[in-house]
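Below, each chain spelled out in residue letters.
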Amino acid sequence: MVFIIKIFYSILFLALWWALIKFRKNVHDRTGHWYWAEKYLWSGWTYLVLILFWLFLIFLGAIYPFWWLELLR
């Protein structure tokens, strides 16, 4: 039963983070330019930082139901 709940959460979070990547322009309009991303990674790189962060979260969401996060501790 715990495995089914973990799969449900994983699918829920994967869908959420996929939607954030799909609508990244709206998220960027609300959050604005990130100073450190614009300063250290050149102008316009806030989008790249947002996408890479959400891809990392998607990866964590994909390995969550298979107990890989518990093995990484």
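Scoring rules and cut-offs
Residues numbered from 1 in each chain as written. Predicted model: local features only at pLDDT ≥ 70, side-chain atom pairs only at ≥ 80, totals over all residues. Heavy atoms only, no water. Salt bridge = Lys/Arg side-chain N within 4 Å of Asp/Glu carboxyl O. Helix = DSSP H or I, 4+ residues; strand = E, 2+ residues; numbered from the N terminus. Axes fitted to C-alpha atoms, helices over the stretch in contact; angles between N-to-C directions. Left-handed = near helix turned anticlockwise from the far one by under 90°. Contact = heavy atoms within 4.5 Å. Nonpolar A, V, L, I, M, F, W, Y, C, P; charged D, E, K, R; others polar. Core = buried A, V, L, I, M, F, W, Y, C linked by side-chain atoms within 4.5 Å. Buried < 20%, exposed > 50% of the residue type's maximum accessible area, 1.4 Å probe, protein only. Expected span 1.5 Å × (residues − 1). Arc of directions from axis to C-beta. Parallel < 35°, antiparallel > 145°, perpendicular 65-115°, else oblique.

S.K.: I would appreciate a short explanation of the pattern of salt bridges in the present structure.
M.R.: One side chain can pair with another of opposite charge once the charged atoms of both are near each other. In this structure the tally under the stated criterion is one salt bridge. The salt bridge partner of Lys25 is Asp29, with a shortest N-O separation of 3.6 Å. Of the two residues, Lys25 and Asp29 are both situated in helix α2 (residues 24-31); the distance of four residues between them amounts to about one turn of the helix.

S.K.: Would you take a moment to explain the packing of α2 against helix α4 (residues 46-63) for this structure?
M.R.: Two packed helices can be described by the angle between their axes and the distance between those axes. The geometry of α2 relative to α4 is characterised by a closest axis approach of 11 Å and an angle of 115 degrees between their N-to-C directions. When the axes of α2 and α4 are compared, the crossing they make is right-handed. Contact with α2, carried on its side by Arg24, Lys25, Val27 and His28, involves Thr46, Tyr47, Leu50, Ile51 and Trp54 of α4 and no other residues of that element. In terms of residue class, the contact of α2 with α4 is made up of five nonpolar, two polar and two charged.

S.K.: I would appreciate a short explanation of the nonpolar core in the present structure.
M.R.: Nonpolar side chains in soluble globular proteins generally cluster together in the buried interior. In this structure, Trp17, Ile21, Val27, Leu50, Trp54 and Leu57 together form the largest nonpolar core, which totals six residues. Within the residue set of this core, elements represented by two or more residues are α1 (2-22) and α4. With three residues, α4 is the largest single contributor of residues to this core. Other than its neighbours up to four places away in sequence, Trp17 contacts Trp54, Leu57, Ile58 and Gly61.

S.K.: Help me out: how do you make sense of α1 in this one?
M.R.: Count 3.6 residues to each turn of an α-helix, and residues three or four apart come out pointing the same way. Taking 1.5 Å of rise per residue, the 21 residues of α1 would be expected to cover 30 Å, and the 30 Å separating its terminal C-alpha atoms lies within 8% of that figure. Along α1, the positions that sit buried rather than exposed are Lys6, Ser10, Trp17 and Ile21. Looking down the long axis of α1, one finds its buried residues gathered within 45 degrees of arc, a one-sided arrangement. Away from the buried face of α1 by more than 90 degrees, exposed residues Ile4, Phe8 and Ile11 are located.

S.K.: For this particular structure, what's the right way to read the packing of α1 against α4?
M.R.: Running from amino to carboxyl end, α1 crosses α4 at an angle of 165 degrees, the nearest separation of the two axes being 9 Å. The orientation of α1 relative to α4 falls into the category roughly antiparallel. Crossing geometry of α1 relative to α4 is assigned as left-handed. Judged by residue contacts, Ser10, Leu14, Trp17, Trp18, Leu20 and Ile21 of α1 engage Ile51, Trp54, Leu55, Leu57, Ile58, Gly61 and Ala62 from α4. Split by residue class, the contact of α1 with α4 holds 11 nonpolar, two polar and no charged.

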